[in-house]
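Structure assessment
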Amino acid sequence: QKHAHLSAVMVQRILDENQQLILAVIENQQASQSNDCSQYLAKLQRNLMMLGSVGDTQVNSAAGLIPSDHRSQQPQSSQW
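The rules we used
- Residues numbered from 1 in each chain as written.
- Predicted model: local features only at pLDDT ≥ 70, side-chain atom pairs only at ≥ 80, totals over all residues.
- Heavy atoms only, no water.
- Patch = residues over 30% accessible without salt bridge, like charges linked within 9 Å, V, L, I, M, F, W, Y side chains within 5 Å.
- Areas by Shrake-Rupley, 256 points an atom, 1.4 Å probe, with all protein chains shown as cover.
- Salt bridge = Lys/Arg side-chain N within 4 Å of Asp/Glu carboxyl O.
- Helix = DSSP H or I, 4+ residues; strand = E, 2+ residues; numbered from the N terminus.
- Buried < 20%, exposed > 50% of the residue type's maximum accessible area, 1.4 Å probe, protein only.
- Contact = heavy atoms within 4.5 Å.
- Expected span 1.5 Å × (residues − 1).

**Structural notes on a nonpolar patch on the surface**
On the surface, a nonpolar cluster with roughly 230 Å² of combined accessible area is contributed by Ile22, Leu23 and Ile26. With respect to the helices and strands, the residue Ile22 is situated in helix H1 (residues 8–30). Accessibility expressed as a relative area gives 39% for Ile22, which makes it partly exposed.

**A short note on the environment of Gln39**
Along the chain, the position of Gln39 falls in helix H2 (residues 34–63). Owing to a relative accessible area of 48%, Gln39 belongs among the partly exposed residues under this scheme. When the C-alpha atoms of Gln39 and Val25 are compared, they prove to be 9.2 Å apart, with 14 residues separating the residues in sequence.

**Focus: the environment of Val11**
Mapping Val11 onto the fold places it in helix H1. For Val11 and Met50, which are 39 residues apart along the polypeptide, the C-alpha to C-alpha distance reads 9.7 Å. Excluding its chain neighbours within four sequence positions, the residues that come into contact with Val11 are Leu6 and Leu51.

**Some remarks on the environment of Met50**
By secondary structure assignment, the location of Met50 is in helix H2. In sequence terms Met50 and Ile14 are 36 residues apart; their C-alpha atoms lie 9.4 Å from each other.

**With respect to H1**
Between its first and last C-alpha atoms H1 spans 33 Å; for 23 residues at 1.5 Å apiece the expected length is 33 Å, and the two agree. Residues Ile14, Asn18, Leu21, Ala24, Val25 and Asn28 constitute the buried set of H1. In the segment just after H1, Ser32 is the residue with positive phi, at about 60 degrees.

Spelled out as structure tokens, the structure:
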């Protein structure tokens, strides 16, 4: 995951951009220009997915967990 180590400054920039994207979507919807909304919504979705993956990675790292995409590659121990 190439976005796993975003700085707090970069995360804040993305959050600020998301706010602007949401406002642009609202403005376009109010002006009945829903066709223009799709580009803003696509960018917003990419940003949210990136922030979500960063959050998952940071939580897993803090808890000492293996990221979910690597769990299937770990050998299973038979303790039962």
